[in-house]
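# Working through the structure, step by step
Each chain, letter by letter, is given below.
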Amino acid sequence: MRELAGKTAFVTGGAAGIGLALGRAFAQSGMKVMLADIEADALQAAVKSLQEISPDVSGTICDVADAESVERAAQASFDAFGRVHVVCNNAGVAAGGGIDHISLDNWRWVIDVNLMGVLHGIKSFLPHIRAHGGGGHIVNTASMAGMQVGLGFSPYGASKFAVVSMSEGLAHQLKPHGIGVLCPSFVRTGIGASERNRPERYGQSQPLDPTSPAAAMVAAIARNIDAGLEPDTVAARVLTAIRDDKLYIFTHPGMRDEVEARFAAILAAMDGVSPP
Ligand SMILES: NC(=O)c1ccc[n+]([C@@H]2O[C@H](COP(=O)([O-])OP(=O)(O)OC[C@H]3O[C@@H](n4cnc5c(N)ncnc54)[C@H](O)[C@@H]3O)[C@@H](O)[C@H]2O)c1
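Read on for an overview of the structure. Owing to the predicted nature of the structure, the values given are computational and were not obtained by experimental measurement.

Reading guide: rules and limits
Every chain begins its residue count from 1, and numbering advances along the sequence as written. In keeping with the predicted nature of the model, local features appear solely for residues at pLDDT of at least 70, side-chain atom pairs appear and are counted solely at 80 or more, and the whole-chain, interface and lining totals rest on all residues. The basis for the side-chain values is all heavy atoms of the structure; hydrogens and waters are excluded. For helices the rule is a DSSP run of H or I covering at least 4 residues; for strands it is a run of E covering at least 2, with both sets numbered from the N terminus onward. Between the first and last residue of a helix there are one fewer steps than residues, each counted as 1.5 Å, and that sum is the expected span. We call two residues contacting when some pair of their heavy atoms lies within 4.5 Å. Residues are labelled near a given molecule or strand when at least one of their non-hydrogen atoms is within 4 Å of it. Counting of polar contacts relies on pairs of N or O atoms within 3.5 Å, with two restrictions inside protein: one atom must be capable of donating a hydrogen and the other of accepting it, and residues adjacent in sequence are counted only when both atoms are side-chain atoms. Accessible surface is estimated by sampling points in the Shrake-Rupley manner with a 1.4 Å probe; for residues, cover comes only from the protein chains shown. By convention, a stacked pair of Phe, Tyr or Trp rings (six-membered ring in the case of Trp) has centres within 6.5 Å and planes under 30 degrees apart, an edge-to-face pair has planes over 60 apart, and any other such pair is tilted. Only protein chains enter the area calculation, which uses a 1.4 Å probe; residues under 20% of their type maximum are buried, those over 50% are exposed, and those in between are partly exposed. Throughout this description, the term charge over a ring refers to an Arg CZ or Lys NZ atom that lies within 6 Å of the ring centre and within 35 degrees of the ring normal. For two strands to be treated as a pair, DSSP must find no fewer than two bridges joining them. Working convention: axes come from line fits to C-alpha atoms, limited for helices to the stretch in contact. Angles between N-to-C directions cover 0 to 180 degrees. Each crossing gets its handedness from the near helix: less than a right angle anticlockwise from the far helix is left-handed, clockwise is right-handed. In the scheme used here, Gly and all other residues not listed as nonpolar or charged are polar, with Ala, Val, Leu, Ile, Met, Phe, Trp, Tyr, Cys and Pro taken as nonpolar and Asp, Glu, Lys and Arg as charged. We define a salt bridge as a contact between a side-chain nitrogen of Lys or Arg and a carboxyl oxygen of Asp or Glu at a distance within 4 Å. Residue types Ala, Val, Leu, Ile, Met, Phe, Trp, Tyr and Cys, when buried and joined through side-chain atoms within 4.5 Å, form a set referred to as a nonpolar core. If you view a crossover with the strands going away from you and the path from the first strand over the helix to the second runs clockwise, you call it right-handed.

## A short note on helix α5 (residues 155-173)
For α5, which comprises 19 residues, the first-to-last C-alpha distance of 27 Å matches the rise-based estimate of 27 Å (1.5 Å per residue) to within 8%. Lining the buried residues of α5 we find α4 (104-132), β5 (137-141) and β6 (178-183).

## Some thoughts on the site of the ligand
Within the structure, the ligand sits among 30 residues, and Asp 37, Asn 90, Tyr 156, Val 187 and Thr 189 are positioned closest to it. For the ligand, an oxygen atom lies 2.8 Å from a polar atom in the backbone of Ile 18. Between the ligand and Asn 197, the relevant distance is 2.8 Å, taken from an oxygen atom to a side-chain nitrogen or oxygen of the residue. Protein burial of the ligand: of its 820 Å² of free accessible surface, 98% is covered by the chains. At the level of secondary structure, the elements contributing two or more residues to the shell around the ligand comprise α1 (17-28) and α5.

## Re the packing of aromatic side chains
Two numbers describe a pair of aromatic rings. These are the distance of the centres and the angle of the planes. Counted under the stated rule, the structure contains 4 aromatic pairs. Judged by centre distance (6.1 Å) and plane angle (10 degrees), the rings of Tyr 248 and Phe 250 are stacked. On the basis of relative accessibility, which here comes to 39%, the residue Tyr 248 falls in the partly exposed class. The rings of Phe 10, Phe 78 and Phe 125 are connected pair by pair, giving a single aromatic cluster. The side chain of Arg 262 reaches across the aromatic face of Phe 263, ending 5.3 Å from its centre.

## Regarding the sheet that holds β5
The 7 strands are arranged β3-β2-β1-β4-β5-β6-β7 in an open sheet whose pairing can be described as parallel. A single partner strand is all that each edge strand has here, and the edge strands are β3 (57-61) and β7 (248-250). Averaged over all pairs of adjacent strands, the angle between strand axes in this sheet comes to 15 degrees, irrespective of strand direction. Relative to strand β4 (residues 86-89), α4 is tilted by about 170 degrees, and along the sheet it contacts β1 (8-12), β4 and β5.

## Digging into the packing of helix α3 (residues 67-81) against α4
As a packed pair, α3 and α4 sit with axes 8 Å apart at the nearest point and diverge in direction by 35 degrees. Between α3 and α4 lies a crossing whose hand is right-handed. On α4, the residues touching Ala 67, Val 70, Glu 71, Ala 74, Ser 77 and Phe 78 of α3 are His 120, Gly 121, Ser 124, Phe 125 and His 128. Residues of the contact of α3 with α4, tallied by class, amount to 5 nonpolar, 5 polar and 1 charged.

## Observations concerning the pattern of salt bridges
Following the criterion strictly, the structure yields 7 salt bridges and no others. The shortest N-O distance in the salt bridge between Asp 244 and Arg 2 comes to 2.6 Å. Of this pair, Asp 244 sits in helix α7 (residues 231-244) while Arg 2 is found in the segment before β1, placing the two residues 242 residues apart along the sequence. Judged by its relative accessible area of 37%, Asp 244 falls in the partly exposed class. Accessibility expressed as a relative area gives 59% for Arg 2, which makes it exposed.

## Observations concerning the nonpolar core
If you look at the biggest cluster of nonpolar residues, it comprises 41 residues, and the most contacted ones within it are Phe 10, Val 87, Phe 125, Ile 138 and Cys 183. Those elements giving two or more residues to this core turn out to be β2 (32-37), α3, α4, α5 and β6. Considering each element in turn, this core owes the most residues, 9 residues, to α4. Contact partners of Ile 138, with chain neighbours within four places excluded, come to Val 87, Asn 89, Leu 126, Ile 129, Leu 174, Gly 178, Ile 179 and Gly 180. Core analysis: the second largest hydrophobic core is formed by 32 residues, Ala 27, Val 187, Val 234 and Val 238 among them.

## Points about the pairing of β5
The element β5 is extensively covered by neighbouring structure, given that 5 of its 5 residues are classed as buried. Both β4 and β5 contribute to a ladder of 4 bridges, which runs parallel. From the neighbouring strand, Cys 88 faces β5, where its bridge partner is Val 139. In the classification by handedness, the crossover that spans β4, the intervening α4 and the parallel β5 is right-handed. With 5 bridges connecting them, β5 and β6 associate as parallel partners. Bridging across to β6, His 137 finds its partner in Gly 178. Once the chain exits β5 it traverses α5 before rejoining the sheet at β6, and the crossover so formed is right-handed.

## As for the side chain of His 120
Topologically, His 120 is positioned in helix α4. Setting aside chain neighbours within four positions, we find His 120 in contact with Val 64, Ala 65, Asp 66, Ala 67 and Val 70.

Here it is, written out as structure tokens:
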């Protein structure tokens, strides 16, 4: 979608981090923006900050894990701005995994937000985009955790591999509309404090033993996030990818070796299979 000015973008997880940076970049490009988020105070502040760039920015409370909530957010967007052209299914959460602490609550929460949330966004907006004829583009936020298994056995990695798969699959069927899948490595955001948005229905997270390897991994991830890329840099890459209609949106070229290692292992295993 070459021309963004005058069109409308809908961004989930738009109150903070990458989602807020996307909203800012869209507003700066002359787009109307609807931010959707579960966190009311942060959403209000985010909308206010973007309204300093453009009056055509609004917000709607939305829990992406709940299909009906996403439907309501979509309707609020149509009511506010008419057509929606760009949909960023970006909201995401991280919770502990590992083989020593398999928490079904953690798995359900992360899968509901990171995977079902993306599906709900697609389901609520795709018919609208296909019907209005004014062009459309979907961007699903996955992660480098959807390309290689650096985080090990975790609901987060499983959810992000699924988002990559969904996006690649859609790319074949969505034409002439565009789709991108955003795969960043560490970005300086509040993702490490995801628990702030954990609904009661998913129970409480169990504190980790501070001497455990899992706790050491969480601490290392927190340090990497603090030293991560700025969200605005990520958002700029997303806008370029939308304009150039690119499926894969990478932000950390240094991760190439890990992806190569994964595919090398897969290809070596295939090469080891004798023909039937
Ligand atoms: N920060 C990183 O290092 C990194 C790396 C790769 C991918 N990502 C992905 O980027 C996306 C954005 O995360 P971020 O890093 O900006 O984190 P963040 O915590 O700063 O922002 C996430 C936003 O999602 C919202 N949210 C959480 N649960 C929600 C729900 N159920 N419904 C609606 N909104 C909800 C939060 O309120 C918050 O505003 C996520 O999908 C995340 O997995 C982040």
